[in-house]
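One-letter residues, chain by chain:
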Amino acid sequence: MKKGYNVIVSGVGGQGIILASELLSLAAMEAGYDVKKSEVHGMSQRGGDVVSHVRFSEKVYSPLIEQGTCDVILAFEKAEALRYLHYLKPKDGIVIMNNLEIIPLPVTAGEDTYPENIENTIKKYANLVVVDAIDMANNLGNPRVANTIMLGVASKFFDISEDVWIRVITNRVPKKTIEINKKAFELGRNLKIDF
Amino acid sequence: MKLLLSGNEAIARGAWEAACHVAAAYPGTPSTEILENIAFYNEIKAEWAPNEKVAFEAMLGASIGGARALVAMKHVGLNVAADPLMTSAYVGVNGGFVIISADDPGMHSSQNEQDNRRFAKFAKIPLLEPADSQEAYSFVKMAFDLSEKYDTPFIVRSTTRISHAKGIVEVGERKEVPVKEYHKDPQKYTMIPAFARKRHEILEKRLEELRKLSNTIEINQIIEGSPEIGIVTSGIAYQYAREVFPNATFLKLGMPFPFPDELFEKFASLVKKIYVVEELEPFLEEEIKILGYHDVIGKDRIPKIGELNPQIVRKSLKDEDLQSIPVQKAVKRPPAMCPGCPHLGIFFELKKKRVNVMGDIGCYTLAVLPPIESIDTTVDMGFSVSSVHGFNMARGEKSARKSVAVIGDSTFIHSGITGLIDIVYNKGFSTVIILDNHTTAMTGHQPHPATGKTIKGEPTKKLDFVKLAEAIGVEDIHVVDPHDLKATRKALKEALSYPGPSVIITDRPCVLLPDEWKKLQQNPKKVVDPELCQGDRCGNCFRLGCPAIVWKDGKAFIDPLLCVGCDLCIQTCPYDAIHPEDEYEKGI
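Residues numbered from 1 in each chain as written. Chains lettered and ligands numbered in written order. Predicted model: local features only at pLDDT ≥ 70, side-chain atom pairs only at ≥ 80, totals over all residues. Heavy atoms only, no water.

**With respect to the interface of chain B and chain A**
Taken together, the contacts link 54 residues of chain B with 56 residues of chain A. Of the roughly 4800 Å² buried where chain B meets chain A, counting both sides, 61% is carbon and sulfur surface. On the surface where chain B and chain A come into contact, there are six salt bridges. Across the pair glutamate 77 of chain A and arginine 333 of chain B runs a salt bridge whose closest N-O atoms are separated by 3.0 Å. At the junction of chain B and chain A, the tally comes to 15 residue pairs in polar contact (both at pLDDT 80 or more). Among the secondary structure elements, those contributing two or more residues to the side of chain B that touches chain A are β1 (2-6), α8 (160-163), β8 (165-170), α11 (236-244), α14 (310-318) and β20 (549-552) of chain B. Broken down by element, the side of chain B that touches chain A gets its largest block of residues, six residues, from α11 of chain B. In terms of residue class, the side of chain B that touches chain A is built from 31 nonpolar, twelve polar and eleven charged. The pairing of strand β2 (residues 34-39) of chain A with β8 of chain B spans three bridges and is classified as antiparallel. (Contact = heavy atoms within 4.5 Å. Buried area = accessible area lost by both parts, 1.4 Å probe. Salt bridge = Lys/Arg side-chain N within 4 Å of Asp/Glu carboxyl O. Polar contact = N/O pair within 3.5 Å; in protein donor to acceptor, adjacent residues only side chain to side chain. Helix = DSSP H or I, 4+ residues; strand = E, 2+ residues; numbered from the N terminus. Nonpolar A, V, L, I, M, F, W, Y, C, P; charged D, E, K, R; others polar. Pairing = 2+ DSSP bridges.)

Listed below in structure tokens is the structure:
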């Protein structure tokens, strides 16, 4: 029996969270897992926090991950990694975090403060990978592939073969962006990780 | 073939395979994508209706006409359609008729969290409740056949975590079923009292037949496990319970109403202790207690408020939490209206005038939150128009000079028109503002009768708000561009002082509509001259509530990544500190 995974994909509305979790779910399905994923859309989420739960194993019941059982948090924004930290397994959990801070309205209005020392807080409880995904995407020539780079980094932690990933990306992203998305995925997947 | 489908996509697929001929809906979270997906199938005639009552009646009519028909709506939509719902149980069907109710426990995007399983029992209509996408697909398919076999509509109840969660679905192909013959039968379809009395008897007999079905149907099943704990459950709650109690014995109900009494008795004899795990109301628990089983654990431990999840089920029934990392303080990220949203201008002026604002259901409901904080009330679709009339009845003509209704274009067509007729007919003096952004924005840009487009994007007759208001008898009508603050202010002033009913139509497309978005992208972004900006001492532009305007070192700053290039903020600045970036760079 293959090991199952619980993954939280989080970020801010408009960052491509839903597409990233969709690609992950499709890859897991192609790899032969049972898959469920859950997120909420509706109330205009532009600028709001967005989270998607993805679970894949032999058989999945709940589409929601229980607190304390998440294997990997894939966060496209720093505070959005912190928000779901309590979902992570207390031991050996992995946080893959985009090195990006998006400051919300209540902070600029002086009603809330943006958390400090996010890296240190996370490191106390989990293995942290910080990815400069925006810079890396800009170097590739398109800031919008940052989420594919993040997915590439995450892909190393799952039991899903590279050709499955490439197939899913090729089938699912807009035709004109297939090549750059493949490159972005490879870039993430080959990122050296030490923790 | 296996597909990864959301519950809503699965419902659409199931309907298509079951040879559904016609379908209608009014958009509403979490149900919207059902019709959007049905519209992809050419074999099904799909329509957006002006509201849920019309959609329901159209589809009941289609069923009487012999077609297989589906109507979909969110939970509160069924309130709007409750009138035909209640009597549809009496008349029954000709072609199969399936009603989808998508409930929103936890109120992710709703004004209440009513449990529509109660509607099934109230209306005496059988209820199916899928627990994942695969069941959503197969239950809808099954419902069409059962509807025809038992001559009754069927309700299939989804919830947000069914409709919006994705799972693997093994799908099949469409098997064509012809539209049935129609035979005139007023005793069945015309509910004058004499005929309705007979139909009520038939309805009660039918319910007994349906209870027999409920006791034998394969989707009501006992999953045998340990005899120590037996769990009665349905819908998404099954998944959470199964997660927390993998080894228990389950009575999993795919058809919770009519309640399978005999099957339950059999299940009860197998287990020592009974838990009832259900979201929101004690619907199953009450049925069990009616059978005389009072020693069950249910809503005394499990909250009836909000959504369930695995940790709530664990905490409630096992009194334990899994070991986990403490909750960290993140940051508040409330949803906001978009940069350049056409609603920002009108609310800026309303706020300045300190008027009472009867709000309605749509993106603009967000104007209740800081920094706009303009809206006074929101209850249901159309409430703004009818309630501003009542509010002014209570508080007199003086109140009318400082009270308005604000209602979106789609919402006005849904339920605002009759309210406006009420104001005019009863010699009211209220002001109604129709926020016409040329789409149903909140639910993801569905067309409506005033857009001139159908669900398939085909051109059609376009409803004209001005002519409509004139026909109703409104004499003071203003059409303004809400991005022109001066014109908006003038219209507002005139309408509020007019001694009779007034209508203001703020006419500007939603910024997220592709054509509008492209147009705005050609405009220069706006920048703040920090030397002219008076910062904290002024703050006028900030009160627009545009997310692109942020505070930096005590001065306003426009985030170039968010700015869409409209010039609303320029008009709010008394110090002329905001300019288009090209002029600013040239030093003009």
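**A few points about the layout of surface pockets**
Residue and element names in this part refer to chain B. Computed from the structure, the second largest pocket encloses a volume of approximately 640 Å³. If you go around the second largest pocket, you meet 39 residues; those closest to its centre are Ile361, Gly362, Thr365, Met381 and Met442. Contributing elements (two or more residues each) for the lining of the second largest pocket: α4 (75-80) and α17 (409-425). Each residue belonging to the lining of the second largest pocket can be placed in one class, and the counts come to 16 nonpolar, 19 polar and four charged. (1 Å grid on protein atoms, 1.4 Å probe; cavity = no way out; pocket = protein on both sides within 12 Å on 5 of 7 lines; lining within 4 Å. Points joined across faces, edges and corners; volume = space filled by probe spheres on them.)

**Notes on the domain arrangement of chain B**
Considered domain by domain, chain B is made up of domain 1 (2-216), domain 2 (220-323), domain 3 (343-517) and domain 4 (523-586). Spacing between the C-alpha centres of domain 1 of chain B and domain 4 of chain B amounts to 51 Å. (Domains from an automatic or database assignment.)

**Observations regarding the nonpolar core**
Residue and element names in this part refer to chain B. Membership of the largest hydrophobic core comes to 89 residues, with the highest contact counts inside it found for Leu35, Ile38, Leu70 and Val232. Considering each element in turn, this core owes the most residues, nine residues, to helix α7 (residues 133-150). In this structure, this core is formed jointly by two domains, domain 1 (2-216) and domain 2 (220-323), each of which donates at least three residues. Listed in part, the 65 residues of the second largest apolar core include Ile346, Ile423, Ile472 and Ile558. (Core = buried A, V, L, I, M, F, W, Y, C linked by side-chain atoms within 4.5 Å. Buried < 20%, exposed > 50% of the residue type's maximum accessible area, 1.4 Å probe, protein only.)

**Observations concerning the packing of aromatic side chains**
Residue and element names in this part refer to chain A. A full pass over the atoms with the stated rule returns 17 aromatic pairs over all chains. Ring geometry for tyrosine 84 versus tyrosine 87: centroids 6.3 Å apart, planes at 50°, classification tilted. As far as the burial class goes, tyrosine 84 and tyrosine 87 line up, both buried. Three or more aromatic residues joined by ring pairs make a cluster, and in this case those are Tyr5, Tyr33, Phe56 and Phe158. One Lys or Arg, lysine 59, reaches over the ring of tyrosine 61 and ends 5.4 Å from the middle of that ring. (Phe/Tyr/Trp six-rings, centres within 6.5 Å; stacked < 30°, edge-to-face > 60°. Lys NZ or Arg CZ within 6 Å of the ring centre and 35° of its normal.)

**Brief notes about unusual backbone geometry**
Residue and element names in this part refer to chain B. Following phenylalanine 257, the chain continues to proline 258 via a peptide bond in cis, the omega torsion being -5°. Looking at where proline 258 falls in the secondary structure, it is placed in the loop between β11 (248-253) and α12 (261-270). Between proline 370 and the following residue, proline 371, the backbone shows a cis peptide bond with an omega angle of 0°. Within the secondary structure layout, proline 371 lies in the loop between β14 (356-358) and α16 (383-400). A positive phi angle is found at alanine 19, which is not glycine, with a value near 65°. You can see alanine 19 is positioned in the loop between α1 (7-17) and β2 (22-25). You will see that glutamate 373, though not glycine, has its phi angle at about 45°, which is positive. Looking at the secondary structure, you find glutamate 373 in the loop between β14 and α16. Take glutamate 373: its relative accessible area is 47%, and that puts it in the partly exposed class.

**Looking at the confidence of the model for chain B**
Considering every residue of chain B, the mean pLDDT works out to 96; 99% of them sit at 70 or more. This complex was scored by the predictor with a pTM of 0.97 and an ipTM of 0.96. (pLDDT = per-residue confidence, 0-100.)

**Some remarks on α11 of chain B**
Among the nine residues in α11 of chain B, eight count as buried, and that is most of the element. Turning to α11 of chain B, its buried residues number three or more, namely Ile236, Ala237, Tyr238, Gln239, Tyr240, Ala241, Arg242 and Val244 of chain B.

**A word on the pairing of strand β1 (residues 5-12) of chain A**
Look at any regular strand and the pattern is simple: side chains alternate between the two faces of the sheet. Residue and element names in this part refer to chain A. β1 sits mainly inside the fold: eight of its eight residues count as buried. The pairing of β1 with strand β3 (residues 49-57) spans eight bridges and is antiparallel. In the strand pairing of β3, asparagine 6 is matched with arginine 55. Bridge count for β1 against strand β4 (residues 72-75) is four bridges, and the pairing is parallel. By the bridge assignment, isoleucine 8 is partnered in β4 with isoleucine 73.

**Here we look at the environment of histidine 414 of chain B**
Residue and element names in this part refer to chain B. Relative to the elements of secondary structure, histidine 414 occurs in helix α17. A C-alpha to C-alpha distance of 9.4 Å links histidine 414 and lysine 53, two positions 361 residues apart in sequence. Look past the residues within four positions of histidine 414 in its chain and what remains in contact with it is Tyr26, Pro50, Asn51, Glu52, Val80 and Met381.

**Some points on the sheet that holds strand β15 (residues 403-408) of chain B**
Residues and elements named next belong to chain B. Spatially, five strands are ordered β14-β15-β16-β18-β17 in an open sheet, and the strand pairing comes out parallel. Edge positions in the sheet fall to β14 and β17 (476-480), since each has one partner strand and no second. Within this sheet the neighbouring strands show an average axis-to-axis angle of 20°, counted without direction. Relative to β15, β14 runs parallel, the two being bridged by three bridges. The partner of methionine 358 across the bridge, within β15, is alanine 405. Set on the sheet, helix α18 (residues 465-472) makes contact with β16 (431-436), β17 and β18 (502-507); between it and β17 the angle comes to about 170°. (Axes fitted to C-alpha atoms, helices over the stretch in contact; angles between N-to-C directions.)

**A word on the side chain of glutamate 22 of chain A**
Looking at the element boundaries, glutamate 22 of chain A is found in helix α1 (residues 17-30). In this structure glutamate 22 of chain A touches Lys37 and Arg172 of chain A together with Leu4 and Lys166 of chain B, once residues within four positions along its chain are discounted.

**Observations regarding the sheet that holds β8 of chain B**
Reading across the sheet, the eight strands line up as β6(A)-β5(A)-β4(A)-β1(A)-β3(A)-β2(A)-β8(B)-β1(B) and stay open at both edges, with mixed pairing between neighbours. Bordering the open sheet on either side are β6 (127-131) of chain A together with β1 of chain B, each of which pairs with just one other strand. Averaged over all pairs of adjacent strands, the angle between their axes in this sheet comes to 20°, without regard to strand direction. Summarising the sheet, strand β5 (residues 94-98) of chain A and β6 of chain A pair through five bridges and their orientation is parallel. In the strand pairing of β6 of chain A, asparagine 98 of chain A is matched with valine 131 of chain A. Helix-sheet contacts for α7 of chain B involve β1 and β8 of chain B, and the interaxial angle to β8 of chain B is about 60°.

**Some words on the pattern of salt bridges**
Residue and element names in this part refer to chain B. Applying the stated criterion across every chain yields a total of 49 salt bridges over all chains. With its nearest N and O atoms 2.7 Å apart, the salt bridge here joins lysine 252 to glutamate 135. Taken together, the residues span a long stretch of sequence, with lysine 252 in strand β11 and glutamate 135 in helix α7 at a distance of 117 residues. Accessibility expressed as a relative area gives 4% for lysine 252, which makes it buried. Taking the relative accessible area as the measure of exposure, glutamate 135 reaches 15% and is therefore buried. Linking aspartate 151 and arginine 199 is a salt bridge whose minimum nitrogen-to-oxygen distance equals 3.8 Å. Here aspartate 151, found in the loop between α7 and β7 (154-159), pairs with arginine 199, found in helix α10 (residues 193-216); they are 48 residues apart in sequence, far enough to count as distant. A residue is classified by how much of its surface remains accessible, and aspartate 151, at 23% relative accessible area, is partly exposed. In this structure arginine 199 comes out as buried when scored by relative accessible area, which is 7%.

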